[in-house]
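Take a look at the letters that make up each chain.
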Amino acid sequence: MRAIRLLLAVVLATPLAACAPADSPGLPRCTAIERLGLIAQAVPSASYVPCLAQLPAGWSTEAFDVRRAAMTVKLVSDRAQGPAVSLRFSRSCRTAGAAPFPARTLGGRTYLRLRTLRPRFAGTLIDAFPGGCVQYRFDFVRGQHIALMAQLQSAVGFRSRVQLRQELRHRLGVELRS
Amino acid sequence: MTAEPGVAGPEVIVPVVGKVLGGRRRRPSGEPPPLPWKLPASTVWYATVIVFAVAVEFVLVAPALRPAVTRLDDGTLRLLGHLRSGVATWCALLVEKLGTQQCIQVLGWSTIAVLLAWRRLRRLFVYLTVLLVVVSVSTALATAQGRMRTGAVELIGPWQGYAHPAAPVAMFAAVVVGAVANLVPNGRFRSRVRAVGAALVLLLAGARLYLGVDRPTDAFVALALGGALSVIAYRLAVPEEAFAIGYRRHRTAHLDITPARHAAVVAALADQLGIPAESVEPFGLAASAGSTPLRMTTRDGAALFGKLYAVNHLRADRSYKLARMVLYGRLEDEKPFASVRRLVEYEDHLLRLLRDNGLPVPQPLGFVEITPEREYLLVMSFVPGARDLGDEPIGDQQIDEALGIVRALWRAGVAHRDIKPSNLLLAGGHVRLIDVAFATVRPTPWRQAVDLANMMLTLALVSDPEHVYRRAVRQFAPEDIAEAFAACRSITIPTQLRGRLHADQRDLIGAFRRLAPEREPVRIQVWSLRRLGTTVGALLLLGLAAAAVYAYARTAGLL
């Protein structure tokens, strides 16, 4: 009887252990202001904070890691047939060799640096703005890449730091330092 | 006609409750047992801390209350911010390293290594479970609360993830409590180590508050989770009185005879058996694994022998029987006992049965309850001046008496199942049989035959096989002896006897087989659905345990 109980305990504990989140969940939505506040604290100089605007069908985010000086997260598409898009938010990025791309933030610039066009569409998309930048390393299968690039850009949005600070102060009474 | 209360005919009925009657006394309702089982008083405080932590969680999820708590937290951090200085910051950054992944991994794996080396598997299982719970709850709370760091002061230390609860503090507290509770023997030294551990945990929490990376409520909930919850878990799952920690190379199943336990045994013997014991001391610990053997001396100088059984002995018995079931198949009695009381009742019953059948066993005197359902003491007469059979050469009389014991066991329909030198005593020139814990009534036939083989092997160790065989055929038919050695295998010989046979240069089993009539080996392995199921279950359990340990280690940040 004890063996059965022990067996049951292990059987129940194994998935529990496996399912227990070793990493925090995904990128916070643009409406979750306190969670975005934490991302803003990681890069205090950044004028914008990346957030999850709208997750297209077939996409998910994982391995969210925020710490002093940087935030990283992975965006996974079930159609990309390759590694996940790796997003990194930090104070600065290297833009040398990158071609300008239509800007996605007010006062900021967007660049695209392609590593390969064939057989896969791979490279780095960079959103640079005062005090910070976001890099997206992507590696998409040809054929789907145009749609995937569009979905990636629609998935990640931005909240301005000034606006976020005001909301945090008024709604939660929390200060966001620069 | 009505009887007068308290009077039955000519004899006055004396109430037994609460009064001494012929040396015995029934414990009145409501009176505590000799050694009441209770958690240390501080457990209530730890439980209170957990209740407060739960309350904090509820407050933080209430939109109306969360800003107020945050303001209170931030106010405290502002006050702490005034204390900042170059030296203090340097010290805080140094202390903060206690909460790093590397530090927690070193402490965690060291604890696991020691627990494995000393085969404290139950403690290891509980330790891993506690770490898993702390990490899982901590991560779940962090995700649910999604709390940002303070904005009241500048964050001048490293940080990672959501602020609430303070994960490094929770994990460091969990590994420190785990190390102290599972590795440090009870006593003054543990008190000192515990104080040092608590100081380190509080220093880490304080340093992180000073650096501004945690708020007071983040640190408080982390301490409740990693510290208070862990302490309670260890006190409940591996209580010190049943799972004592020691590093001497002896059996770890023995209970410490603390002053409280000594007094409880004396009181229990007086009240329940009417025995006025004066001293109680451990006796022959090295030879016993399944209980704590005691020698008790009464006021008039008489000696008694006792076997103290507790929950850990019950668990050891269960593991032993599970292993036997997998290795040998379903034998006659591999059902584990349901409670310590049943275990003691069984041995007491067997002692009385063997005594009634004329076997030279110690005189059973009954058993007493020390802690209900947790600790019982089996009491029997002490065999004075006894030595193990096997310590010195023996004569024909002792050989005949020893063989006569097997004959009497067969007649009584009992198999002893643990015939070995240390369970056969020589006292006053006579052979006595002890330790009937493994004996079984109406056993599988080959089990009784094996008793004869083990007895003859034990005797041959201090004599020679030809002589023992010549004496044996006076009491047993040659076919009985042939059956005994046809059933004899390495796994049917008790470990101690097997070791002595190994040390002996002679092939004693072979010698007896040559002397006895030829006989095909007796099949002792019994395959049944139950055994197959148990074996598959045990293998599955091992595989899952390995997977679980890997998952635990990964989740708990140990990999």
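Conventions adopted
- Residues numbered from 1 in each chain as written.
- Chains lettered and ligands numbered in written order.
- Predicted model: local features only at pLDDT ≥ 70, side-chain atom pairs only at ≥ 80, totals over all residues.
- Helix = DSSP H or I, 4+ residues; strand = E, 2+ residues; numbered from the N terminus.
- Buried ≥ 20, exposed ≤ 12 C-beta atoms within 10 Å, placed from the backbone.
- Contact = placed C-beta atoms within 7 Å.
- Expected span 1.5 Å × (residues − 1).
- Arc of directions from axis to C-beta.
- Pairing = 2+ DSSP bridges.
- Axes fitted to C-alpha atoms, helices over the stretch in contact; angles between N-to-C directions.
- Parallel < 35°, antiparallel > 145°, perpendicular 65-115°, else oblique.
- Left-handed = near helix turned anticlockwise from the far one by under 90°.
- Nonpolar A, V, L, I, M, F, W, Y, C, P; charged D, E, K, R; others polar.
- Core = buried A, V, L, I, M, F, W, Y, C linked by C-beta atoms within 7 Å.
- pLDDT = per-residue confidence, 0-100.

Brief notes about the overall build of chain B
Argument step 1. Looking only at helices and strands, chain B features 18 helices and twelve strands.
Argument step 2. Counting only C-alpha atoms and orienting by the principal axes, one finds that chain B spans roughly 95 × 75 × 45 Å.
Argument step 3. In chain B, which comprises 559 residues, the share counted as buried stands at 41%.
Argument step 4. Taking the intrachain contacts of chain B between residues at least 6 apart in sequence as the baseline, contacts between residues at least 24 apart amount to 74%.

So, the overall build of chain A
Argument step 1. Check the secondary structure of chain A and you find four helices and nine strands.
Argument step 2. Counted from the first residue to the last, chain A has its helices and strands arranged as α-α-β-β-β-β-β-β-β-β-α-β-α.
Argument step 3. Within the span of chain A, comprising 178 residues, buried residues form 38% of the whole.
Argument step 4. Considering only contacts in chain A between residues 6 or more positions apart, those separated by 24 or more positions represent 56%.

Observations concerning helix 11 (residues 340–356) of chain B
Spacing of three or four residues puts side chains on the same side of an α-helix, whose turn is 3.6 residues.
All names here are of chain B.
Argument step 1. Spanning 17 residues, helix 11 covers 24 Å between terminal C-alpha atoms, matching the ideal 24 Å at 1.5 Å per step.
Argument step 2. Listing the buried residues of helix 11 in full gives Val340, Leu343, Val344, Glu347, Asp348, Leu350, Leu351 and Leu354. Each buried residue of helix 11 lies within a common arc of 155° when the element is viewed along its axis, so the set occupies one face.
Argument step 3. At the C-terminal side of helix 11, Gly358 shows a positive phi close to 80°.

Regarding the sheet that holds strand 11 (residues 430–433) of chain B
Paired through their backbone hydrogen bonds, the strands of a sheet run either parallel or antiparallel.
Residues and elements named next belong to chain B.
Argument step 1. Spatial ordering of the open sheet is given by 8-10-11, a layout of three strands whose pairing is antiparallel. Both edges of this open sheet fall to strand 8 (387–388) and strand 11, since each of them pairs with a single strand only.
Argument step 2. Those strands touched by helix 12 (residues 396–412) are strand 10 (424–427) and strand 11, and its axis lies near 25° from that of strand 11.

Things to note about the packing of helix 7 (residues 188–210) of chain B against helix 8 (residues 216–237) of chain B
Residue and element names in this part refer to chain B.
Argument step 1. Remark: helix 7 packs on helix 8, axes separated minimally by 10 Å, with the N-to-C direction vectors making an angle of 160°. Our classification of the angle between helix 7 and helix 8 gives roughly antiparallel. Crossing geometry of helix 7 relative to helix 8 is assigned as right-handed. Across the interface between the two elements, Val201, Ala205, Arg208 and Leu209 from helix 7 touch Pro216, Ala219, Leu223 and Gly227 from helix 8.
Argument step 2. A class-by-class count of the residues in the contact of helix 7 with helix 8 yields six nonpolar, one polar and one charged.

Topic: the sheet that holds strand 2 (residues 59–67) of chain A
Residues and elements named next belong to chain A.
Argument step 1. The strand order 2-3-4-8-7-6-5 describes an open sheet built from seven strands, whose pairing is antiparallel. The sheet is open, and its two borders are formed by strand 2 and strand 5 (99–101), each paired with just one other strand. For this sheet the average axis-to-axis angle between neighbouring strands, irrespective of direction, equals 20°.
Argument step 2. Examined bridge by bridge, strand 3 (residues 70–77) and strand 4 (residues 85–90) share six bridges and lie antiparallel to one another. Looking at the pairing, Thr72 lines up with Arg88 of strand 4.
Argument step 3. Packing of helix 2 (residues 33–42) onto the sheet brings it into contact with strand 2, strand 3 and strand 4, and relative to strand 2 it is tilted by some 50°.
Argument step 4. Lying over the sheet, helix 3 (residues 145–155) contacts strand 2, strand 3, strand 4, strand 7 (120–129) and strand 8 (132–141), oriented at roughly 150° with respect to strand 8.

What to know about the nonpolar core
Residue and element names in this part refer to chain B.
Argument step 1. Residues Val169, Ala170, Phe172 and Ala173 are the most contacted members of the largest nonpolar core, which totals 103 residues.
Argument step 2. Those residues in contact with Ala170 that lie beyond four places of it in its chain are Val134, Ser138, Pro165, Ala222, Leu225 and Gly226.
Argument step 3. Judged by nonpolar contacts, the second largest core, of 82 residues, contains Ala439, Ala453, Ile493 and Ala516.

A word on the environment of Asp356 of chain B
Argument step 1. Along the chain, Asp356 of chain B turns up in helix 11.
Argument step 2. In the structure, Asp356 of chain B is positioned 328 residues away from Pro28 of chain B in sequence and 33 Å away in space, judged by C-alpha atoms.

Some points on the packing of helix 4 (residues 101–117) of chain B against helix 5 (residues 121–145) of chain B
Residues and elements named next belong to chain B.
Argument step 1. In the contact formed by helix 4 and helix 5, the axes pass within 8 Å of each other and the chain directions differ by 155°. Judged by the angle between their axes, helix 4 and helix 5 are roughly antiparallel. When you trace helix 4 past helix 5, the crossing you get is left-handed. Together, Thr111, Ile112, Leu115 and Leu116 of helix 4 and Arg123, Leu124 and Tyr127 of helix 5 make up the contact between the two elements.

Observations regarding the confidence of the model for chain A
Argument step 1. Looking at chain A, pLDDT values average 86 and 86% of them are 70 or higher.
Argument step 2. Segment residues 1–24 of chain A: pLDDT under 50, and 44 contacts once partners within four positions in sequence are set aside and those in other chains are kept.

Description of the pairing of strand 4 (residues 292–298) of chain B
All names here are of chain B.
Argument step 1. In terms of strand pairing, strand 3 (residues 277–282) meets strand 4 through five bridges, oriented antiparallel. Bridging from a neighbouring strand, Pro282 pairs with Leu294 of strand 4.
Argument step 2. Connecting the antiparallel pair strand 4 and strand 5 (residues 303–310) is a turn made up of four residues, with Gly301 showing a positive phi of about 90°.

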